[in-house]
Amino acid sequence: IAAAWSYRLAAQPGSRFTQPDPIAFEDHAGWTSMFDGSTLKGWDGSSEVWRVENGAITGESTPEKPSGTTYVIWQGGEPKNFELKAEIKLEGGGANSGIQYRSSRASQPQGGPVPNPRFAKWNLKGYQADFDFANRYSGQLYEQGTPRGIIAWRGQMVRTEQGKKPRLLGVLGDPDALKSFIKVGDWNQMHVIARGNTMTHVVNGHVMSIFIDDDPTMAAAQGLIGLQIEGGGNVKVSFRNLWLKNLP
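As the structure is a computational prediction, the values presented were derived from the model and not from experiment.

J.: I keep staring at the pattern of salt bridges and nothing clicks. Help me out?
T.: Opposite charge on two side chains allows them to pair when their charged atoms are near. Throughout the structure, instances matching the rule amount to 10 salt bridges. The closest approach of N and O atoms between Arg-51 and Glu-53, which form a salt bridge, is 2.7 Å. For Glu-53, a relative accessible area of 25% translates into the label partly exposed. One salt bridge connects Glu-53 with Lys-236, and the closest N-O pair in it is separated by 3.0 Å. In this pair, Glu-53 is assigned in strand S3 (residues 50-53) and Lys-236 in strand S17 (residues 235-246), connecting sequence segments 183 residues apart. The class of Lys-236 is buried, set by a relative accessible area of 17%. A single salt-bridge network, built from bridges that share partners, covers Arg-51, Glu-53, Glu-60 and Lys-236.

J.: I keep staring at the sheet that holds strand S2 (residues 43-44) and nothing clicks. Help me out?
T.: Two orientations exist for strands paired in a sheet by backbone hydrogen bonds: parallel and antiparallel. Taken together, the seven strands give an open sheet; going across it, the order is S2-S5-S16-S7-S8-S9-S10, and neighbouring strands pair in antiparallel fashion. Looking at which strands have only one partner, the edges of the open sheet turn out to be S2 and strand S10 (149-152). Alignment of S2 against strand S5 (residues 68-74), held across two bridges, turns out to be antiparallel. Opposite Trp-43, over in S5, you have Trp-74 as the bridge partner.

J.: Help me understand the pairing of strand S15 (residues 206-214) in this model?
T.: In the case of a regular strand, side chains alternate between the two sheet surfaces. In this structure, strand S11 (residues 156-161) lies alongside S15, joined through six bridges in parallel fashion. Across the sheet, the residue bridging to Thr-160 is Asp-213, located in S15. In the sheet, strand S14 (residues 198-203) pairs with S15 via six bridges, with the strands oriented antiparallel. Across the sheet, Val-202 pairs through a bridge with Val-207, a residue of S15. Connecting S14 to the antiparallel partner S15 that follows it, the hairpin turn spans two residues, and Asn-204 within it adopts a positive phi of roughly 50°.

J.: Got a minute to help me understand the pairing of S3 in this structure?
T.: In terms of strand pairing, S3 meets strand S4 (residues 56-61) through four bridges, oriented antiparallel. Its bridge partner lying in S4, Val-52 is registered against Ile-57. Between S3 and S4, which pair antiparallel in sequence order, lie two residues; one of them, Asn-54, sits at a positive phi of approximately 50°.

Quick notes on the rules
- Residues numbered from 1 in each chain as written.
- Predicted model: local features only at pLDDT ≥ 70, side-chain atom pairs only at ≥ 80, totals over all residues.
- Heavy atoms only, no water.
- Salt bridge = Lys/Arg side-chain N within 4 Å of Asp/Glu carboxyl O.
- Buried < 20%, exposed > 50% of the residue type's maximum accessible area, 1.4 Å probe, protein only.
- Helix = DSSP H or I, 4+ residues; strand = E, 2+ residues; numbered from the N terminus.
- Pairing = 2+ DSSP bridges.

Okay, structure coming up:
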């Protein structure tokens, strides 16, 4: 009843109830640029895989030079509470990628795809805003390099607690309906919010997953940010317009 009453008031001229301003993905006031648009300055990854192409950080894998799973790691610090905005595009049917955050280096990750041993110095484990060409996993929270794996699937709000299985707290939407908002082979806007133990993934203005990590034996309060490429064959992943805003 209160919600309906508020809605009626909001519709009346002069009401103190108003709708929030529209989504402003391009608003970067108070944000820090993570990428200069022309070089990999401030990033660390294998030059065999990563380069700058057409104003984007690009990773490529070919049958002749398969990348396997590897990362280019931001050297600007280990953020704790923050928001991150980026645009991501995947090309090639087997392309798989994502943004690692609150992550750490891992010489021998446990769980997930086997990293390329040639690029072992760039192995990461930790939270990932997942993204793949087929959009089977895009938007979910996947924990790379640990036994937990997929924790919050697209369309879910999930909590973990020590000694308990992850619990579904609520449904954000039908995963296939949310999938329809993700563009295949084109640029997508990804917005990651990490505040306390709560991680929120937003793609193209739609909340895809929320994860509350209340397991003190696994939760990470801060860590590295990295961009991932995972795959063989002919695949390419690209990132541009990367911005970071630290939160209290």
